[in-house]
Amino acid sequence: MAEVKSTCCYCGVGCGVIIETTPSINGNLEVTGVRGDPDHPANFGRLCSKGSTLHLTANPSLQKQARLGLPAIRNARGEAPIDCTWPQAIKTVAKKFADIINEHGPESVGIYVSGQLLTEDYYVFNKLMKGLIGSNNIDTNSRLCMSSAVAGYKQTLGMDAPPCCYEDIDSASTIFITGSNTAFAHPILYRRLEDARKKNPDLKVIVVDPRKTDTAKEADLYLQIQPGTDVALYHGMLYIMLWEKWIDESYIKSYTEGFDALRDLVRDFTPKAVSEICGIKEKDLFQAAQWFARSPATLSMYCQGLNQSASGTAKNAALVNLHLATGQIGKAGAGPFSLTGQPNAMGGREVGGLANLLSAHRDLANPEHRAEVASLWGVHSVPEKPGLSAIPMFEALRTGSLKAIWIVCTNPAQSMPDLNAVHEGLSKAEFVVVQEAYAHTATTLYADVLLPATTWAEKVGTVTNSERRISKVNAAIDPYESAKHDWRIALEIGHALEALLSGNRIEGVSTLFPYSGPEDIWNEHRESTRGRDLDITGLSYQILEDRGPQQWPMPKGSYFGKKRLYENGVFPTKDKKAHFIAAPYKATAESVDARYPFALNTGRLRDQWHGMSRTGTVGTLYAHSPEPCVELSPKDAGRMNLENGDLVHVTSRRGSEIFPVKVSEDIASSQAFIAMHWGSEFISGAAGKTPSRGVNGLTCNLIDPVSGQPELKHSAVKILPA
Ligand code: SF4
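In this convention, every chain numbers its residues from 1, walking through the sequence in written order. Reporting in this predicted model follows two pLDDT cut-offs: at least 70 for local features of residues, and 80 or more for side-chain atom pairs to be given and counted; totals over whole chains, interfaces and linings ignore these cut-offs and use all residues.

**Student:** Account for the overall build of the protein, with residues named and values stated.
**Tutor:** The helix and strand tally for the protein stands at 25 helices and 28 strands. A globule of 722 residues ought to have a C-alpha radius of gyration of about 27 Å, and the protein, at 25 Å, matches this closely. Overall, the protein is about 70 × 65 × 55 Å in size when its C-alpha atoms are taken along their principal axes. Within the protein, contacts between residues at least 6 apart in sequence are counted, and of these 73% link residues at least 24 apart. Think of it this way: any DSSP run of H or I at least four residues long counts as a helix, any run of E at least two long counts as a strand, and we number them from the N terminus. Atoms considered for the radius of gyration are the C-alpha atoms alone. The globule rule reads 2.2 Å times the number of residues to the power 0.38. By the convention adopted here, residues make contact when the C-beta atoms placed from their backbones lie within 7 Å.

Written as structure tokens, this is what we have:
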């Protein structure tokens, strides 16, 4: 048996794993086990139910059913794809992209990537689109996940960087969990919180969530707010802090700007008004404000409940305001800690893999930044105009302004909101390329060309977790059949495109993709960070192997990365101060009314991941939640004479689906919850004229105006017996 250290490929906790392999009868290595890496600082040997069954997803007989092994070309939509060689596939993709670009311009094509990709993969795709093709039309499924957290951090603290670290959980005296079911979505961090409570019985845990989740059930104080009222809650807490003189005047004066405008704004958020807006008791609001402000160290942990909202940036900023107003930042156990959803949403942003970013946290709008990137890449220029972010990208397919899309390592035909519109866009697209490890996703059905990619246990590279910690990902087995690494596919198509497109390369640069392996790519990325907020010029693949995962920044000369940011009160803004944002409170983008009276919320199950391409192949992971359902309160179920298992039509303004009912005390009246994972293959009996899409056939695609993140957490629906 052999062992290889790597990283779990599921969530942003970024746990270290040890992959065990054994030679099979034909001599190839097979993954036969996985266990937590005791030396990894994210998990110290622990794994959750998903991580500890990773080896089962690499089972060879299962791979045969689930994986994409050969490249294939589909002659017409609806027909079966025909296997082809790699050179045929590469040539077809490059020629079609070049033809479309030459006829309609660089903005007529797009690339849609994933927070599941490694940093090296992300880097090459970003360079291919922005450096070679000459458009910023590259976006990622992280847009659905973290973009409001990014915008919130940038508005208030000046850069896209969680200032905290996991150790802060151990030293906090109040933990404020808001918009996060941490027990399910970040289980190993939640174990750490449980340990901290055992060691410190005085530790207070406050949970804010419209749904009484497993995390909420363990709270010392649970605030069951009405959906979308988070900003009003935080402003109401600040009102009480001001009234009770619990704010830190000295911190505000020394290290921040903009408090006067915020103080004026929160005057209207009296305890009575906030109690009515949020549907909570005034005494609970008071208690939350007191514990937050008076605690020696308060740590907030938050995730999609804040981000997946048409007011996501305002929610993030209003929460950071509380930390700045009370000085609960830049010290052990304190700070606003955004928990990353995907394993490498952070790494993707570090290399600028979004439609509005450039490498190493540079801004597209800044001409100096564009010139720096152009010089690093050896190209004449990087385009200024922001590209299409996720929701507009699929809308542009529908309207025809985007002709071709290359989808990598993600399943938008299941994960995007308002799926009927997304499917229409994919149907109308002139050319769809799907680069995937898994054969049978909702998106592969639309592929004109299928490119088989390697996946966990086969890839080498790096990922960055929620606490800015870069970990190495290592291969334990050979690629499945003829699958190639994602960066390698981008490089080969890039080389083919270089021969077909008129050049943006400056003279003397023979290729934009001079890489023989992932370390070459990472070294180029490292150089791009020199002098930037995320400077990692003191880090190398070898150091990651020798000293283990490291947090950025880690500039040249440092032995370790930086645990915590802003301890000196200096922020990366022009005036070096943190900025309060007087964020207005806005109700949810789509309101409930007499026709659509239920507020539909979506979220994660404990044992499934995203669209279940991987976790759905492991039988034991169905034990916790075996089938899709819509959760309703006992009051609503009783009123409609519904019992567990009864079928109902759930209908929004965009679609209709049939689900069995689960009556749950965790749901407030007039609200409903459906887990996000189940796709059409699990939901039988589509309602009305549209085919079944899963819950995203119902969800709302209205977006936050700053972050572009859609309001996946709230849609107005009606529910009627089927
Ligand atoms: Fe993997 Fe996240 Fe579970 Fe850790 S907590 S084992 S990273 S799924």
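**Student:** Would you mind going over the UniProt feature "domain: 4Fe-4S Mo/W bis-MGD-type" (unreviewed entry) in the protein in detail, with residue names and values included?
**Tutor:** UniProt annotation of "domain: 4Fe-4S Mo/W bis-MGD-type" (unreviewed entry) refers to residues 1-62 when read in the numbering used here. Spanning residues 1-62, this segment combines 11% helix with 35% strand, and its end C-alpha atoms are found 21 Å apart. UniProt positions are given in the numbering used here, feature names are shortened, and annotations may be inferred rather than shown by experiment.

**Student:** Now, about the pairing of strand S13 (residues 335-338): what can you tell me, with residues and values included?
**Tutor:** Working note: regular strand, side chains alternate between the two faces of the sheet. Burial along S13 is two-sided: the residues Gly335 and Phe337 and Pro336 and Ser338 are all buried. Alignment of strand S12 (residues 298-302) against S13, held across four bridges, turns out to be parallel. Its bridge partner lying in S13, methionine 301 is registered against phenylalanine 337. For every residue, the other C-beta atoms within 10 Å of its own C-beta are counted; 20 or more classify it as buried, 12 or fewer as exposed, and values in between as partly exposed. C-beta atoms are placed from the backbone. DSSP-based pairing: two strands are paired if at least 2 bridges between them are found.

**Student:** Provide a residue-level description of unusual backbone geometry, including the pertinent values.
**Tutor:** Of note, the bond from tryptophan 552 into proline 553 is cis; its omega dihedral lies within 30 degrees of zero at 0 degrees. Its place among the elements puts proline 553 in the loop between strand S21 (550-551) and strand S22 (578-579). With a phi angle near 60 degrees, lysine 245 is a residue other than glycine that sits in the positive phi range. When you line up the elements, lysine 245 lands in the loop between helix H10 (230-243) and helix H11 (249-255). Owing to 8 C-beta atoms within 10 Å, lysine 245 belongs among the exposed residues under this scheme. One non-glycine residue with positive phi stands out, namely serine 670, at about 70 degrees. Given 15 C-beta atoms within 10 Å, serine 670 falls into the partly exposed group.

**Student:** I'd love a proper account of the sheet that holds strand S4 (residues 72-73), names of residues and values included.
**Tutor:** If you walk across this open sheet you meet the seven strands as S5-S4-S18-S17-S16-S6-S7, and the pairing is mixed. Where the open sheet ends on each side, the last strands, each with one partner, are strand S5 (82-83) and strand S7 (138-140). Bridge analysis of S4 against strand S18 (residues 449-452) gives two bridges, and the strand direction is antiparallel. Counterpart to isoleucine 73 in the pairing with S18 is valine 449.

**Student:** Account for the sheet that holds strand S27 (residues 671-675), with residues named and values stated.
**Tutor:** One closed barrel accounts for six strands, arranged S23-S27-S24-S26-S25-S28; its pairing is mixed. Averaged over neighbouring strand pairs, the angle between their axes works out to 45 degrees when direction is ignored. As paired strands, strand S24 (residues 630-632) and S27 are joined by two bridges and run antiparallel to one another. Along S27, the bridge assignment pairs glutamate 631 with phenylalanine 673. Note on geometry: axes are C-alpha line fits, over the in-contact stretch for helices, and angles between N-to-C directions span 0 to 180 degrees.

**Student:** Give a description of the site of the ligand that names residues and reports values.
**Tutor:** Residues in contact with the ligand amount to 14 residues; listed here are only the nearest, Cys8, Cys11, Cys15, Cys48 and Gly51. Throughout, the ten residues Ala, Val, Leu, Ile, Met, Phe, Trp, Tyr, Cys and Pro are labelled nonpolar, Asp, Glu, Lys and Arg are labelled charged, and all others, Gly among them, are labelled polar. Split by residue class, the shell around the ligand holds nine nonpolar, four polar and one charged. All domain edges in this entry derive from an automatic or database-based domain assignment. Both of domain 1 (2-66) and domain 3 (147-338) provide at least three residues apiece to the shell around the ligand. Contact assignment follows one rule, namely that a residue is near a molecule or strand if its backbone-placed C-beta atom lies within 6 Å of it.

**Student:** How would you summarise the nonpolar core if you had to cite specific residues and measurements?
**Tutor:** If you look at the biggest cluster of nonpolar residues, it comprises 190 residues, and the most contacted ones within it are Phe125 and Met237. With nine residues, the single largest contributor to this core is H10. Leave out the neighbours within four places in its chain, and methionine 237 touches Leu285, Ala288, Ala289, Phe292 and Leu322. In these notes, a nonpolar core means any group of buried Ala, Val, Leu, Ile, Met, Phe, Trp, Tyr and Cys residues linked to one another through C-beta atoms within 7 Å. Within the second largest apolar cluster, 23 residues are counted, among which are Ala637, Ala672, Phe673 and Ile674.

**Student:** I'd like a description of the environment of leucine 322, backed by residues and values.
**Tutor:** Tracing the sequence through the fold places leucine 322 in helix H16 (residues 312-326). The exposure class assigned to leucine 322 is buried, which follows from the 25 C-beta atoms found within 10 Å. A sequence separation of 14 residues divides leucine 322 from proline 336, and the C-alpha atoms of the two residues are 9.0 Å apart. Discounting residues that sit within four places of it in the chain, leucine 322 has contacts with Tyr234, Met237, Leu238 and Phe292.

**Student:** Quick one: what's the story with the domain arrangement of the protein, residue by residue and with numbers?
**Tutor:** Domain annotation of the protein identifies domain 1 (2-66), domain 2 (72-145 + 346-465 + 477-506), domain 3 (147-338) and domain 4 (598-721). Taking the mean C-alpha position of each, domain 3 and domain 4 sit 28 Å from one another. In this assembly, 23 residues from domain 3 lie in contact with 23 residues from domain 4. When contributions to the side of domain 3 that touches domain 4 are tallied by element, the ones reaching two or more residues are helix H5 (147-157), helix H7 (182-185), helix H15 (304-307) and H16. Top element by residues in the side of domain 3 that touches domain 4 is H5. It accounts for four residues. The class makeup of the residues in the side of domain 3 that touches domain 4 is seven nonpolar, 14 polar and two charged.

**Student:** Just give me the short version of the pairing of strand S17 (residues 431-436), but keep the residues and values in it.
**Tutor:** With respect to burial, S17 is a largely interior element, five of its six residues being buried. Bridging between strand S16 (residues 404-408) and S17 involves five bridges; their strand directions are parallel. Pairing of isoleucine 407 across the sheet is with valine 434, part of S17. Two strands pair when backbone bridges link them, and S17 and S18 are joined in this way by four bridges, in the parallel orientation. By the bridge assignment, glutamate 436 is partnered in S18 with proline 452.

**Student:** A description of the packing of H5 against H16 should follow, citing residues and the corresponding values.
**Tutor:** Packing of H5 against H16 brings their axes to within 8 Å, and their N-to-C directions diverge by 45 degrees. Considering their axes alone, H5 and H16 lie oblique with respect to each other. In this structure, H5 meets H16 at a crossing whose hand is right-handed. Between H5 and H16, the contacting residues are Ser148, Ala149, Ala151, Gly152, Gln155, Thr156 and Leu157 on the first element and Gly312, Thr313, Asn316, Ala317 and Val320 on the second. Roughly parallel means an angle under 35 degrees; roughly antiparallel, over 145; roughly perpendicular, 65 to 115; everything else is oblique. Helix crossings get a hand from a simple test, with the near helix turned counterclockwise from the far one by less than a right angle marking a left-handed crossing and a clockwise turn marking a right-handed one.

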